[in-house]
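# Structural features, examined
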Amino acid sequence: MTELANKIIELKKEGYSYNKIMKELDCSKSTISYYLGDNQKEKTKKRNNKTKSKPEFVLQKKLYAFRYRDNLGKRVLSKVRDFQRREGSKISITKPELTFNIEDFLLKIGDEPKCYLSGELINLYETKTYCIDHIIPSTKGGENTLENAGLISSTLNKMKSDISVDELLEKCIQVLEYNGYNVSNK
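Every chain is numbered on its own, with residues counted from 1 as its sequence reads. Owing to the predicted nature of the model, reporting of local features is limited to residues with pLDDT of at least 70; listing and counting of side-chain atom pairs is limited to 80 or more, with chain, interface and lining totals taken over all residues. To get the side-chain values, take all heavy atoms of the structure and skip hydrogens and water.

### Some remarks on the nonpolar core
- In this text, buried Ala, Val, Leu, Ile, Met, Phe, Trp, Tyr and Cys residues form a nonpolar core when linked through side-chain atoms within 4.5 Å. The rule is simple: take the accessible area with a 1.4 Å probe, protein chains only, and divide by the maximum for that residue type; under 20% is buried, over 50% is exposed, in between is partly exposed. Among the nonpolar cores identified, the biggest contains 19 residues, and Leu59, Phe105, Leu124, Tyr130, Ile132 and Leu151 are the most heavily contacted of them.
- Broken down by secondary-structure element, the contributors of at least two residues to this core are helix 5 (55–67), helix 7 (102–109), strand 1 (130–134) and strand 2 (149–153).
- Of the residues forming this core, the biggest block, four residues, is contributed by helix 5.
- Excluding its chain neighbours within four sequence positions, the residues that come into contact with Ile132 are Leu59, Lys62, Leu63, Phe66, Phe105, Ala149 and Gly150.
- Core analysis: the second largest hydrophobic core is formed by five residues, Ile8, Leu11, Cys27 and Ile32 among them. Segments assigned H or I by DSSP are reported as helices when at least four residues long, segments assigned E as strands when at least two residues long, and all are numbered from the N terminus. Here a residue-residue contact requires only that any non-hydrogen atoms of the pair lie within 4.5 Å.

### Re the packing of aromatic side chains
- The aromatic pairing rule takes the rings of Phe, Tyr and Trp, using the six-membered ring of Trp, and pairs them if the centres are within 6.5 Å, calling planes under 30 degrees apart stacked, those over 60 edge-to-face and the rest tilted. Under the criterion given, the structure shown has one aromatic pair.
- Relative to Tyr35, the ring of Tyr34 lies with its centre 5.0 Å away and its plane at 85°, an arrangement referred to as edge-to-face.
- Residue Tyr34 is classed as partly exposed on the basis of its relative accessible area of 24%.
- Exposure remark for Tyr35: the relative accessible area of 22% places this residue in the partly exposed category.
- Looking at Lys62, its charged tip hangs above the ring of Tyr130, at a distance of 4.3 Å from the centre. Put simply, a charge is over a ring when the Lys NZ or the Arg CZ is close to the ring centre, within 6 Å, and near the line of the ring normal, within 35 degrees.

### Focus on the state of the cysteines
- Cysteine sulfur atoms that pair up within 2.5 Å are treated as a disulfide. Following the criterion strictly, the structure yields zero disulfides and no others.
- Here Cys115 is not disulfide-linked; the sulfur of Cys131 is the nearest cysteine sulfur, at 9.8 Å.
- The class of Cys115 is buried, set by a relative accessible area of 3%.

### Here's the deal with the pattern of salt bridges
- Basic side-chain nitrogens of Lys or Arg form a salt bridge, by our definition, when they fall within 4 Å of a carboxyl oxygen of Asp or Glu. Counted under the stated rule, the structure contains three salt bridges.
- Between Glu3 and Lys7 there is a salt bridge, and its shortest N-O distance comes to 3.2 Å. Placement of the pair is Glu3 and Lys7 together in helix 1 (residues 3–13), with a separation of four residues, close to one helical turn.
- Look at Glu3 and you get exposed, because its relative accessible area is 56%.
- Between Lys160 and Asp133 there is a salt bridge; the shortest N-O distance is 3.1 Å. Of this pair, Lys160 sits in helix 8 (residues 154–160) while Asp133 sits in strand 1, and the two are 27 residues apart along the sequence.
- The class of Lys160 is buried, set by a relative accessible area of 0%.

### Let's talk about the pairing of strand 1
- Of all the five residues making up strand 1, five are buried; the element is thus mostly covered by neighbouring parts of the structure.
- In strand 1, alternate side chains face the same way, and those of Tyr130, Ile132 and His134 on one face and Cys131 and Asp133 on the other are all buried.
- Strand pairing is defined by DSSP finding a minimum of two bridges between the two strands. In this sheet, strand 2 lies alongside strand 1 in antiparallel orientation, the contact comprising five bridges. By the bridge assignment, His134 is partnered in strand 2 with Ala149.

### Side note on a nonpolar patch on the surface
- Patch building starts from residues that exceed 30% relative accessible area and form no salt bridge, then joins like charges within 9 Å and nonpolar side chains (Val, Leu, Ile, Met, Phe, Trp, Tyr) within 5 Å. Using a 1.4 Å probe, accessible areas were evaluated by the Shrake-Rupley method; residue-level cover was limited to the displayed protein chains. Residues Leu176, Tyr181 and Val183 make up a contiguous nonpolar surface patch of roughly 260 Å² in combined accessible area.
- Along the chain, Val183 falls in the segment after helix 9 (165–178).

Okay, here's the thing in structure tokens:
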């Protein structure tokens, strides 16, 4: 158990109220409740796991990561945080204008979400099986907009990396032909 947890329990045994403990230890009421409530740790873990497994939660995180990419394909906010830790500086970042939200994206992908490259059905509950991709890569000028956001299987997203769809298709044809397959265009 942490030092904070021990102090909270000790102060409660001495008759301190939650408010007095908050002032004494400079912590939140939810932290106190977490350590003093019956089975509160288990309840909190269970609640967090339920929330994190919901497709809306996962999509929200993936959309957040999608929106905060620069033209080099890097996460802008993590670079700023790393710089702040290293330099001890307080710089701020202008967040990109939000051009769409999760509801807009859900409308775009529809009731039967599919990978925009393969047409494969994607189960939004299987969070590690899909990504939100920049259809035109950010490294090639693609913007963080709804029109440029595509639902894609994780495997294809790794294959595509930061190349265009046409470049990926050319490489796929090259691999197939090298391995003896006859490929013809539609």
